[in-house]
Amino acid sequence: MNKFLSASDRNKVTEQLKTKNHELIIIGGGITGAGIALDAASRGIKTALVEMQDFAAGTSSRSTKLVHGGLRYLEHLELGLVHEVGREREIVHTNAAHIVIPEKMILPIIKDGNLGEFTTSLALYVYDFLAGVKKEEHRKMLSEEETLEKVPILNQELLKAGALYYEYKTNDSRLTLEVLKKAREYSALALNYTKAEDLLYNNEGKITGIKVKDMLKGETYKIEGQNVVAAAGPWTDRIRKKDNSLKGKHLRHSKGIHIVVSKKDFKLNHAIYFDTGDNRMVFAIPRFDIVYIGTTDTDYSGNLENPEILSEDVDYLLKAVNRIAPDANLDKSRVKSAWAGLRPLIHEEGKNPSELSRKDEIFHSDSGLIAIAGGKLTGYRIMAKDVTGLIMKRLVNNSEREKIKCQTKNMRLSGGEFPFYPETGKIEELYGQKFDEVKHTRISAAEFRKLFFRYGMNIDKITEKAFEYYNDNKKSDSAWLKAEIRYSIFKEGAYTLSDFFIRRTGRIFFEIDSIEPKIQEAAEYFKEFLNLDKDTIQNQIEEMRAELAHAVNFRE
Ligand code: FAD
């Protein structure tokens, strides 16, 4: 069996899940579960992971897509967290430099805002120090004129000054996939569309495994193992309830939405982090031809799989953005799409969602089940280290096993294995070289750039196939689309058009208009590679169209 997340290995992986003696079973294939799988597998722990939807289909594809230094924690005086998360940001960047990329952020200081010039300067200074920010990325305070020069669209009547600091932009679902692919290289078994329906116990009430349902085939089977970890994000309390251990602290779901507008309508050339006017802060981030704006933070109690985007959520963000950039004059008709995600926060009496801590929480059950929820994308590696540390301790206590320390600090993720220290200049140089190699297929520089920074060092695997298809029919777009779909199926475990257009490529977030014109062609490739019948592929097309409709549902 190859060491990729290949859809063609599903039967073999299923067989191994059924029959092997697993030391660790993880429920949930978001960033938290993926991180634990990599940490555990790279310490030699026999690891299995199941995900009921697609990998990263929960919160891990619905975030603001930033690897934060934790500036927000400073506001709440969680200094230890700023220190930890800030340093972690650099590690995540180094290990996945193709998808964790520095982004200059402007923080406009406004007349009636939360932050004055002095407090912002001091806060960012403390932040640079605590988070260990590299010298070249230290904050720079800007005058009103300098701020306007960088972001001319800002409201001059409100603006007093500005600050420039750095965040790192990422693609959350791709980060999750790169972590999982690396875990697979260390022999972790991972299957999407496999739901943990029940927990298994011995006579003493200790957890011994899970009963799962294959959501593609309908088959149910048991996976047995010594330790079970629930990394089920917003669904974590459901697993704790099954385990009869939902006592004390529990989750509170907070919904965050983002809206997407065209750069033509909102001429923002710099990412900004700005006051909403009601004591909150919101990001507006340009990417490719769009700008996305978010996020909201409201209590939520509806459907967890695909949270609704309400018209009032969109209005809230439009109001905030029109206040800071009135000339943009954005209204709903300009909103191309939106997405919503759920934060699994730990409930605290009397606090509103914005006031709740973003720190992760580990729950220990008498049955032996460990559950983890909360936290951030950014801190996934540390969360994984903590949980795997607990598992390692149990394994060492119960056998002659040697204790192995966390291995992930200096471990490049899949796609991030550049043959040099990943400085931006060197990566750009490599991109240039790779583009020279593919130019003859008539792919544009912009399109190849997207692919290069989506797949990093794995790009050659796609290029190789694109050459082959291009030689067959000289159709550039088709050759690259087919090659990318092939990679997503056989190296990244994609089964459906939604897996491809949402979690593998992020097109639904950043290039929604590009999907419909390619849906039929993409369907043909899925049909061919996965040997699907007509009805199945038709259902997939409809499912994808329903996702496109969901992204604009707020208009109704
Ligand atoms: P999830 O990604 O939800 O994964 C849990 C998985 O478990 C799901 O895929 C689910 O399908 C699966 N599952 C559940 N039950 C079962 C079962 N019975 N069997 C099998 N599988 C199951 N963090 C940052 O660092 N930077 C940001 O910019 C940022 N922005 C955010 C913006 C918003 C609006 C939100 C909501 C969060 C944001 N976060 C951000 C936080 C970050 O996205 C989350 O902390 C992180 O994605 C949570 O990952 P997770 O793996 O714990 O949960």
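A few points on the structure. Owing to the predicted nature of the structure, the values given are computational and were not obtained by experimental measurement.

### Concerning the pattern of salt bridges
Argument step 1. In the structure shown here, the tally under the stated rule is 41 salt bridges.
Argument step 2. A salt bridge links Asp-112 to Arg-323, with the shortest nitrogen-to-oxygen separation between them at 2.6 Å. Of this pair, Asp-112 sits in the loop between β4 (101–110) and α5 (117–130) while Arg-323 sits in helix α9 (residues 311–324), placing them 211 residues apart in sequence.
Argument step 3. With a relative accessible area of 51%, Asp-112 lands in the exposed category.
Argument step 4. Its relative accessible area of 22% is what places Arg-323 among the partly exposed residues.
Argument step 5. Note that Lys-181 and Glu-178 form a salt bridge whose closest N and O atoms lie 2.8 Å from each other. Here Lys-181 and its partner Glu-178 are both found in helix α7 (residues 172–185), 3 residues apart, which amounts to about one turn of the helix.
Argument step 6. What makes Lys-181 buried here is its relative accessible area of 4%.

### Some details on the packing of helix α2 (residues 31–42) against α7
Argument step 1. At a minimum axis distance of 8 Å, the contact between α2 and α7 shows a crossing angle of 25°. The orientation of α2 relative to α7 falls into the category roughly parallel. Crossing of α2 over α7 shows left-handed handedness. Counted together, Ile-31, Ala-34, Gly-35, Ala-37, Leu-38 and Ala-41 of α2 and Leu-175, Thr-176, Val-179, Leu-180, Lys-182 and Ala-183 of α7 form the full contact between these two elements.
Argument step 2. Partitioned by chemical class, the residues of the contact of α2 with α7 number 9 nonpolar, 2 polar and 1 charged.

### Topic: the site of the ligand
Argument step 1. In the vicinity of the ligand there are 38 residues, among which Thr-32, Glu-51, Ser-60, Leu-66 and Thr-378 approach most closely.
Argument step 2. Within the side chain of Thr-32, one N or O atom sits 2.6 Å away from an oxygen atom of the ligand.
Argument step 3. When the free accessible area of the ligand is taken as 1,000 Å², the share hidden by the protein chains comes to 98%.
Argument step 4. Elements that contribute at least two residues to the shell around the ligand include exactly α2, β8 (194–201), β12 (251–262) and β17 (335–346).
Argument step 5. In terms of residue class, the shell around the ligand is made up of 13 nonpolar, 19 polar and 6 charged.

### Brief notes about unusual backbone geometry
Leaving glycine out, the prevailing phi sign among residues is negative, and the prevailing peptide bond configuration is trans.
Argument step 1. The residue after Gly-294, namely Thr-295, is reached through a cis peptide bond having omega 25°.
Argument step 2. Position of Thr-295 among the secondary structure elements: in the loop between β15 (290–294) and β16 (298–299).
Argument step 3. In this model, Asn-244 sits at a positive phi of 60°, which is unusual for a non-glycine residue.
Argument step 4. Following the sequence through the fold, Asn-244 ends up in the loop between α8 (236–242) and β12.
Argument step 5. Positioned with a positive phi, Lys-474 is a non-glycine residue whose angle comes to about 60°.
Argument step 6. Looking at the secondary structure, you find Lys-474 in the loop between α13 (459–473) and α14 (476–490).

### Section: the pairing of strand β18 (residues 361–364)
Argument step 1. Both β18 and strand β19 (residues 370–373) contribute to a ladder of 4 bridges, which runs antiparallel. Looking at β19, one finds that Glu-361 is bridged to Ala-373.

### Brief notes about the packing of α7 against helix α15 (residues 497–504)
Argument step 1. It is at 8 Å that the axes of α7 and α15 come closest, and there the two elements cross at 105°. Here α7 is positioned roughly perpendicular relative to α15, judged by the angle of their axes. Where α7 approaches α15, its residues Ser-173, Arg-174 and Leu-177 are matched on the opposing element by Ile-502, Arg-503 and Arg-504.

### Observations regarding the sheet that holds strand β7 (residues 189–191)
Argument step 1. On the basis of which strands lie adjacent, the open sheet formed by 6 strands has the order β7-β2-β1-β11-β19-β18 and mixed pairing. Strands at the two margins of the open sheet, each flanked by one partner only, are β7 and β18. Between one strand and the next, the sheet's axes are offset by a mean angle of 15°, whatever the strand orientation.
Argument step 2. With 3 bridges connecting them, strand β1 (residues 24–27) and strand β11 (residues 228–230) associate as parallel partners. Bridge assignment links Ile-25 to a residue of β11, and that residue is Val-228.
Argument step 3. Strand contacts of helix α1 (residues 10–19): β2 (47–50) and β7, with the helix running at about 120° to β7, the strand carrying the most contacts.

### Looking at the packing of aromatic side chains
Two aromatic rings, taken as a pair, are described by how far apart their centres are and by the angle between their planes.
Argument step 1. Counted according to the given criterion, the structure contains 20 aromatic pairs.
Argument step 2. Arranged with centres 6.1 Å apart and planes meeting at 85°, the rings of Tyr-193 and Tyr-495 form a pair that is edge-to-face. Pair noted here: Tyr-193 is in the loop between β7 and β8 and Tyr-495 is in the loop between α14 and α15, with a separation of 302 residues, a long-range link.
Argument step 3. What makes Tyr-193 buried here is its relative accessible area of 13%.
Argument step 4. Their ring planes at 70° and their centres at 5.8 Å tell us that Phe-288 and Phe-510 sit as a pair that is edge-to-face.

The rules behind each value
Residues numbered from 1 in each chain as written. Predicted model: local features only at pLDDT ≥ 70, side-chain atom pairs only at ≥ 80, totals over all residues. Heavy atoms only, no water. Salt bridge = Lys/Arg side-chain N within 4 Å of Asp/Glu carboxyl O. Helix = DSSP H or I, 4+ residues; strand = E, 2+ residues; numbered from the N terminus. Buried < 20%, exposed > 50% of the residue type's maximum accessible area, 1.4 Å probe, protein only. Axes fitted to C-alpha atoms, helices over the stretch in contact; angles between N-to-C directions. Parallel < 35°, antiparallel > 145°, perpendicular 65-115°, else oblique. Left-handed = near helix turned anticlockwise from the far one by under 90°. Contact = heavy atoms within 4.5 Å. Nonpolar A, V, L, I, M, F, W, Y, C, P; charged D, E, K, R; others polar. Near = heavy atom within 4 Å. Polar contact = N/O pair within 3.5 Å; in protein donor to acceptor, adjacent residues only side chain to side chain. Areas by Shrake-Rupley, 256 points an atom, 1.4 Å probe, with all protein chains shown as cover. Pairing = 2+ DSSP bridges. Phe/Tyr/Trp six-rings, centres within 6.5 Å; stacked < 30°, edge-to-face > 60°.

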